[in-house]
Amino acid sequence: QFKEIKLPSRDTIFDYWLDPETNSFDSWTKSPFFYSVNFDSTMIAMTQVTVPTPETCSVAYWMDMMVKMRRSVMLAGPAGTGKTQLVGGMIDQFNPSIYTSTTINFNYYTTSS
């Protein structure tokens, strides 16, 4: 069924994006989720800017796919890796008459009770 798709020979499968038009794997930097940032410090704080990397592009792609399928998304990782920034950026693009969201913060002291 996938005879026309060649798997990349280096890195891992997660480092590539499958272009559905060409049925070929390519770098996330060539995906529609990779974009250039036009930053103007007089208009927006640098803390509100997500610099696109192959990693942020792949996470944004999978988050978008999961939300479109009405599935929950949870990002896990060390503090300061951009999880909140990525989710906040996605939520900011939502139409509030269609989507709602809530934030639940967890930390070391959070318990189930």
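Residues numbered from 1 in each chain as written. Predicted model: local features only at pLDDT ≥ 70, side-chain atom pairs only at ≥ 80, totals over all residues. Heavy atoms only, no water.

Novice: Explain the overall build of the protein here, please?
Specialist: Across its full length, the protein holds two helices and two strands. By the burial criterion, 17% of the 113 residues in the protein qualify as buried. Taking the contacts inside the protein whose residues are at least 6 apart along the sequence as the reference set, 31% of them involve residues at least 24 apart. Mean positive and mean negative side-chain charge positions of the protein (8 and 10 charges, respectively) differ by 8 Å. (Helix = DSSP H or I, 4+ residues; strand = E, 2+ residues; numbered from the N terminus. Buried < 20%, exposed > 50% of the residue type's maximum accessible area, 1.4 Å probe, protein only. Contact = heavy atoms within 4.5 Å. Lys, Arg positive; Asp, Glu negative; His and termini not counted. Charge placed at Lys NZ, Arg CZ, Asp CG, Glu CD.)

Novice: Would you explain the layout of surface pockets in this entry?
Specialist: Estimates place the volume of the largest pocket at around 1200 Å³. Lining the largest pocket we find 31 residues, and of these Val73, Met74, Val87, Ile91 and Thr102 sit closest to its centre. Sorting the residues of the lining of the largest pocket by element identifies helix H1 (54–68) and helix H2 (83–92) as the ones contributing at least two each. Residue contributions to the lining of the largest pocket peak at six residues, all from H2. Each residue belonging to the lining of the largest pocket can be placed in one class, and the counts come to 16 nonpolar, 12 polar and three charged. If you add up the space inside the second largest pocket, you get close to 640 Å³. In terms of lining residues, the second largest pocket is bounded by 25 residues, among which Tyr35, Leu86, Gly89, Met90 and Gln93 are the most central. (1 Å grid on protein atoms, 1.4 Å probe; cavity = no way out; pocket = protein on both sides within 12 Å on 5 of 7 lines; lining within 4 Å. Points joined across faces, edges and corners; volume = space filled by probe spheres on them. Nonpolar A, V, L, I, M, F, W, Y, C, P; charged D, E, K, R; others polar.)

Novice: What's the story with the packing of aromatic side chains in this structure? I'm lost.
Specialist: Each aromatic ring pair is specified by the distance between its two centres and by the angle formed by the two planes. A complete count under the given rule lists four aromatic pairs for this structure. Taking the centre distance of 4.9 Å and the plane angle of 80° together, the rings of tyrosine 61 and tryptophan 62 count as edge-to-face. Exposure remark for tyrosine 61: the relative accessible area of 18% places this residue in the buried category. Residues phenylalanine 94 and tyrosine 99 carry aromatic rings whose centres are separated by 4.4 Å and whose planes lie at 25° to one another, so their mutual orientation is stacked. (Phe/Tyr/Trp six-rings, centres within 6.5 Å; stacked < 30°, edge-to-face > 60°.)

Novice: Help me understand the pairing of strand S2 (residues 24–27) in this model?
Specialist: Regular strands place side chains that alternate from one sheet face to the opposite one. In this sheet, S2 lies alongside strand S1 (residues 16–19) in antiparallel orientation, the contact comprising four bridges. Note on S2: the bridge partner recorded for tyrosine 16 is serine 27. In sequence, S1 turns back onto S2 through a hairpin of four residues, with asparagine 23 there showing a positive phi of about 55°. (Pairing = 2+ DSSP bridges.)

Novice: Honestly, H1 in this entry has me stumped. Any pointers?
Specialist: Helical periodicity: at 3.6 residues per turn, an α-helix aligns residues three or four positions apart in one direction. Over its 15 residues, H1 runs 21 Å from end to end, which matches the ideal 21 Å to within 8%, given 1.5 Å per residue. Buried-residue contacts for H1 involve S1 and H2. Backbone geometry just downstream of H1 places arginine 70 in the positive-phi region, at approximately 60°. (Expected span 1.5 Å × (residues − 1).)

Novice: Got a minute to help me understand the confidence of the model for the protein in this structure?
Specialist: When pLDDT is low, close inspection of the predicted coordinates is not appropriate. Predicted confidence across the protein gives a mean pLDDT of 82, with 93% of residues reaching 70 or more. Here S2 stands out as the element of the protein with the lowest mean pLDDT, 84, in contrast to H1, whose mean of 88 is the highest. (pLDDT = per-residue confidence, 0-100.)

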